[in-house]
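One letter stands for each residue in the lines below.
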Amino acid sequence: MGLPAAYLLLVSNTPSEPPPAPKGALLTVFLVVFIDLLGFGIVLPLMPRYAEDYLAGYSRTATGVIIGILYSSFSLMQFVFSPVWGRISDRIGRRPVLLVSLGGSVVFYALFGLAASVSPEQSTLALILLLVSRVGAGIAGASVSTAAAVIADCTTPEKRSRGMALIGAAFGIGFTFGPLIAYVGLELFQQQRWGPGAIASILSASALLIAYLRMPETRKASGPLQRRELFNWRRTAEVLCSPALGPLVLVYFLVIFAFANFEGTLSLFTKDVFAMNDQANFLLFAYVGFVLMVAQGGFYRRLAGTQTEFRLMSAGVAMMFLGLAGLAYLAFASYRMTGSPDAVGGLKPMFYVTIAVAVFGFAFVNPSVTSLVSKRADPARQGEVQGVSQSFASLGRILGPFLGSVLFQISPSRILPYLAAGGLLVIVVMLLPVVKQSEGKMMGHETPA
């Protein structure tokens, strides 16, 4: 189906050099995303475990569905609001969008702490508050697309992948230190369940203060400002139907879908298989964040100068498949060893290696796709196009934890979430030639018909 020429989303063959970035913009957006992700890293390992405490007496299937809803509500809001924040940032600027979203994080992380402190006798109230806190945090956290637009504003196409890796590094560092801060915080607050939520809220308030004092505006005016509807499904469809962007968005969705199966079940896996308590679980998530930080902040940024995004993305998909296949094996092996805790404990070294391989792969895919999307988007619609891309990533985070939580609960062997994730990555592998072909078209290598 053809699209009107006015809405083609391909950039010119000769990239334009953006004006010099406002002083400190990249560093500030890195700090803002990093501090905000500290809060996310504090809450994520606890949420399914807290929810399980309020679901005593429910069937395993019902427990899986409710935990899946709590996980998915966050990403559902990101799916809906990522394009909205992107379009708003294209209209009024990046800075006010980041300020509003950080303010929302302050409020809803505090609400999470309140929900966690409700007594088990009021389980319905606790679950409602948990749901509201996740919905609000999802709306606030949907501004990651705006952070990506800031980097696109401030970098040339040649340096775009290195710039986008800053967001990945901020995720990794935040995800490393967030669980560690929660580990210390639980001791500081004497195991009070509201403590981690309070810490996350305080950290988001710090990010809000930094953004207010230091974040410059980076959006460049390019002609008359067009009025755009906040919810415009036709323009979203234009992005998806673009030969250059559509396959990339689909790959991103499937990769996130697969990884979210792992992410959404990890804290339950460690509890059921290795009997890890909350403190040990925090240390595990810190390890995951450390691997992500090293992969994106170290290896990826160095390789981005010598390898194309497509090659790095393909390598990442391969590593993800190996890691998730290893988790499927571990799930099955631990099930066969039920009743032999010493034998199950012997699987731990392989477990740590396996999740490192999966996370390393994801660390290569994420910035590669984001960079390719930004290069193929009309500069005047960076926020909008990044919003659509992040929106479909959020759709993967909606379906992944929900499907993973249900499959985890209904399969005694716990193998089904990781088999499903591996199947999704097989589809991604089949799509990679389409992505490569669309890259050729964008660069003008297509032979005219």
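Heads up: the structure comes first, above all this text.
Since this is a predicted model, take the numbers as computed values, not measurements. Throughout this document, residue positions are counted from 1 along each chain, in the order its sequence is written. It should be noted that, the model being predicted, local features are given only for residues of pLDDT at least 70 and side-chain atom pairs only at 80 or more, the latter also being counted only at that level, while totals for whole chains, interfaces and linings use all residues. Excluded from the side-chain calculations are hydrogens and water; all other atoms, namely the structure's heavy atoms, are used.

As a further point, take the environment of Ile173. A run of H or I in DSSP counts as a helix once it spans at least four residues, and a run of E counts as a strand once it spans at least two, with each numbered from the N terminus. Among the secondary structure elements, Ile173 is positioned in helix 7 (residues 160-188). For the pair Ile173 and Leu37, spaced 136 residues apart in the sequence, the C-alpha separation amounts to 8.3 Å.

Moving on, we get to the packing of helix 10 (residues 246-274) against helix 11 (residues 278-303). Their axes nearest at 11 Å, the elements helix 10 and helix 11 cross at an angle of 135°. Here helix 11 runs oblique to helix 10, going by the angle between their axes. In terms of crossing hand, the pair formed by helix 10 and helix 11 is right-handed. On helix 11, the residues that touch Leu266, Ser267 and Thr270 of helix 10 are Asn281, Leu284, Phe285 and Val288. Tallied by class, residues from the contact of helix 10 with helix 11 come to four nonpolar, three polar and no charged. Axis geometry follows a simple rule: fit a line to the C-alpha atoms, using only the stretch in contact for helices, then measure angles between N-to-C directions, giving values from 0 to 180 degrees. Should an angle fall under 35 degrees it is called roughly parallel, over 145 degrees roughly antiparallel, and 65 to 115 degrees roughly perpendicular, with every other angle called oblique. Handedness of a crossing follows from how the near helix is turned relative to the far one, being left-handed for an anticlockwise turn of less than a right angle and right-handed for a clockwise one. Contacts were defined at the residue level, with two residues in contact if any of their heavy atoms lie within 4.5 Å. Here the nonpolar group is Ala, Val, Leu, Ile, Met, Phe, Trp, Tyr, Cys and Pro; Asp, Glu, Lys and Arg are the charged ones; every other residue, Gly included, is treated as polar.

Think of a salt bridge as a Lys or Arg side-chain nitrogen and an Asp or Glu carboxyl oxygen that are within 4 Å of each other. This model, assessed by the stated rule, comprises one salt bridge. Here Arg94 and Asp90 are joined by a salt bridge, their closest N and O atoms 2.8 Å apart. Comparing Arg94 with Asp90 shows no difference in burial state: the two are buried. Exposed residues in this analysis have more than 50% of their type's maximum accessible area, buried residues have under 20%, and partly exposed residues fall in between, with area computed by a 1.4 Å probe over protein chains only.

Our focus in this paragraph is a nonpolar patch on the surface. Taken together, Phe321, Leu322, Val426 and Met430 make up a surface patch of nonpolar side chains, about 410 Å² in accessible area. Only helix 12 (309-336) and helix 16 (416-442) provide two or more residues apiece to the nonpolar patch. Turning to its location among the elements, Val426 is positioned in helix 16. For Val426, a relative accessible area of 40% gives the class partly exposed. For patch building, the residue pool is restricted to those with more than 30% relative accessible area and no salt bridge; the joining distance is 9 Å between like charges and 5 Å between nonpolar side chains (Val, Leu, Ile, Met, Phe, Trp, Tyr). To measure how exposed things are, a 1.4 Å probe is used in the Shrake-Rupley method; for residues, cover is taken only from the protein chains shown.

Another aspect to go through is the environment of Ser242. By the element assignment, Ser242 lies in the loop between helix 9 (233-241) and helix 10. In the structure, Ser242 is positioned 134 residues away from Arg376 in sequence and 9.8 Å away in space, judged by C-alpha atoms.

The subject of this paragraph is the nonpolar core. If you look at the biggest cluster of nonpolar residues, it comprises 122 residues, and the most contacted ones within it are Val255, Met313 and Phe351. No other element matches the 17 residues that helix 10 contributes to this core. In contact with Met313, other than residues within four places in its own chain, are Val251, Phe364, Val365, Ser368, Val369, Leu372, Leu432 and Val435. Buried Ala, Val, Leu, Ile, Met, Phe, Trp, Tyr and Cys residues form a nonpolar core when they are joined through side-chain atoms within 4.5 Å. Val84, Ile88, Val97 and Ala142 belong to the second largest nonpolar core, which has five residues in total.

None of this, on its own, says anything about what the molecule does.
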